[in-house]
Structure formats: structure tokens, C-alpha cells
Amino acid sequence: MNVLFVEDEAKIANFVRAGLKEQGFVVDYCDNGDDGYLRALDNEYDAIVLDIMMPGKDGLAILKLLRRQGRNAPVILLTARNELDDRLQGLNLGADDYIAKPFFVEELAARIHAVVRRSVSDRQNLLCVGPIKLDRITREVTCDRQAIELTTREFNLLEYIMRSPGRVFTRTQILEHVWGYDFNPNTNVVDVCIQRIRKKIDPLDEAVWIESIRGVGYRFRKPDSRS
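Residues numbered from 1 in each chain as written. Predicted model: local features only at pLDDT ≥ 70, side-chain atom pairs only at ≥ 80, totals over all residues. Heavy atoms only, no water.

Asker: So what exactly am I meant to see when it comes to the overall build of the protein chain here?
Answerer: Assigned secondary structure in the protein chain consists of eight helices and 12 strands. Seen through its principal axes, the protein chain has C-alpha atoms that stretch 70 × 30 × 30 Å. Of the contacts made within the protein chain by residues no fewer than 6 positions apart, 57% connect residues no fewer than 24 positions apart. Entry remark: accessible area of the protein chain is about 11900 Å², with carbon and sulfur atoms responsible for 48%. Taking the 33 positively charged and 35 negatively charged side chains of the protein chain as two groups, their mean positions are separated by 5 Å. (Helix = DSSP H or I, 4+ residues; strand = E, 2+ residues; numbered from the N terminus. Contact = heavy atoms within 4.5 Å. Areas by Shrake-Rupley, 256 points an atom, 1.4 Å probe, with all protein chains shown as cover. Lys, Arg positive; Asp, Glu negative; His and termini not counted. Charge placed at Lys NZ, Arg CZ, Asp CG, Glu CD.)

What follows is the structure, encoded as C-alpha cells:
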């Protein structure tokens, strides 16, 4: 299991790295937030452990940026602070767990295993691209954590193109998948449905997430990796 560990206190870092490695983890380590953020963007990790207070970007800033980029690796926040407001802020930003110093490495390892198990289960039912999240089970859609009300047809169309960000879908492909039967190829039902979805998403985020490809169809844009 590959884990990114970002912590600026050398003694704690050495202790945790040694303990996790003894339990079979592969630990990638950074001692500041800026390097940690870039490492998290450039690699796929099973879990990320972030200290909140550290040089460069702090743990909460990293968490916010990663979630906005659609990076959904489980994140455990590690901090000396244990106030309720700190915990709530981290959880509201998308943290999967929170552990306060001092702690036992065995407890951290157990929590890593727990959040990874939950993540594997959740990923099967949750699509996340940029600030947009679509839950296939609850059929809920949010943008920047604000709920978006979609009709059944709108939900099915959005789910279809969100599965493959960057892939161009023709109108015919969308018609066959979402409407399920043959339409007049000159119909504009796809365009109308796309426009309705855009009107609900665009006011919540400045980016244009559903792009028109002239003469072909539409695609759901990939998030910019470092913006």
C-alpha cells in the first residue's frame, strides 16, 4: 500500500515512517506542503497523511486543492490541534479521517487501512471530476458542495460523459445510451439537454465543464492539473 506522508517535524516523521514501513507500507515522504502537494498531483497514492501546520501550503490548503482537482485518494489529517472547529473544517473540505498528536503508529496504520477500504467501495459508485461529484447510488450531484437538481435524463447524460473526461462523445452515441432508442439523427434533444445541465452547473463554477466539439458532439473536460 503506497502512502504519501507530509510532515515537517523530523522526529515525528522518522518515527512514523519507520513504524509504517515495519507494517508493510511503502511511504513517500515530504517535509513541506508545497512539495507534498506536487507529489500528490504527480503520483497515485492509496492514502495521504497530511500534517495541518507546516511550511508552504498547510494541510487544509493541500486538501482543498486536491479535492478541487478531482484527486480522491483518502486523506487523514494529522495535527497537534484537537479543537472541534479544526476537525470540522478538515472534514468539510473532504478529509476522510482526523488524528491528533500524540498517537500510536499502530492506530494510524489501522485508520489508513479503514479509509482505504471505504474508498475502494465508494469509488465504484462516485464520479468526481474537478469540483463536480456524481453519486450513482443516491443520484445526487454537487458542484463545489452545492447540490444540483437534475432530471433523470440530465443525470444519465451527465453520468455517461463524466465516466471518461476528455473523451469526445457524438450526439448519436449519447442518444443511443441516454434515450435508449433511435431518434431522428437531426433531432436537437441532446443539445437541449446539454444546455439545461450547463445552466445548472455553470453558475456554481467559472470553468466550462461540458465542452462543445464542433461538428462532432460533446466532452466532459479534464481538470487542469496544477491550477
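Asker: Before we go on, may I ask you to explain the packing of helix H2 (residues 33–42) against helix H3 (residues 59–68) in this structure?
Answerer: When two helices pack together, their arrangement is given by the angle between the helix axes and the distance between those axes. It is the contact of H2 with H3, at a shortest axis distance of 10 Å, that shows an interaxial angle of 20°. Compared by their axis directions, H2 and H3 come out roughly parallel. Crossing of H2 against H3: the hand is right-handed. The segment H2 lies against H3, with Gly33, Tyr37, Ala40 and Leu41 engaging Ile62, Leu65 and Leu66. Taken together, the residues of the contact of H2 with H3 break down into six nonpolar, one polar and no charged. (Axes fitted to C-alpha atoms, helices over the stretch in contact; angles between N-to-C directions. Parallel < 35°, antiparallel > 145°, perpendicular 65-115°, else oblique. Left-handed = near helix turned anticlockwise from the far one by under 90°. Nonpolar A, V, L, I, M, F, W, Y, C, P; charged D, E, K, R; others polar.)

Asker: Looking at this structure, how should I read the pattern of salt bridges?
Answerer: Pairing is possible between side chains that carry opposite charge, provided their charged atoms lie close to one another. Across all of its chains, the model carries 15 salt bridges by this definition. Note that Glu9 is salt-bridged to Lys101, the shortest N-O span being 3.3 Å. Of this pair, Glu9 sits in the loop between strand E1 (2–6) and helix H1 (10–22) while Lys101 is found in the loop between strand E5 (97–100) and helix H5 (105–123), placing the two residues 92 residues apart along the sequence. For Lys101, a relative accessible area of 15% translates into the label buried. Note that Lys101 is salt-bridged to Asp51, the shortest N-O span being 3.5 Å. Residue Lys101 is found in the loop between E5 and H5, and its partner Asp51 is found in strand E3 (residues 47–51); the two are separated by 50 residues along the sequence. For Asp51, a relative accessible area of 1% translates into the label buried. Through salt bridges with shared partners, a single ionic network connects Glu7, Glu9, Asp51 and Lys101. (Salt bridge = Lys/Arg side-chain N within 4 Å of Asp/Glu carboxyl O. Buried < 20%, exposed > 50% of the residue type's maximum accessible area, 1.4 Å probe, protein only.)

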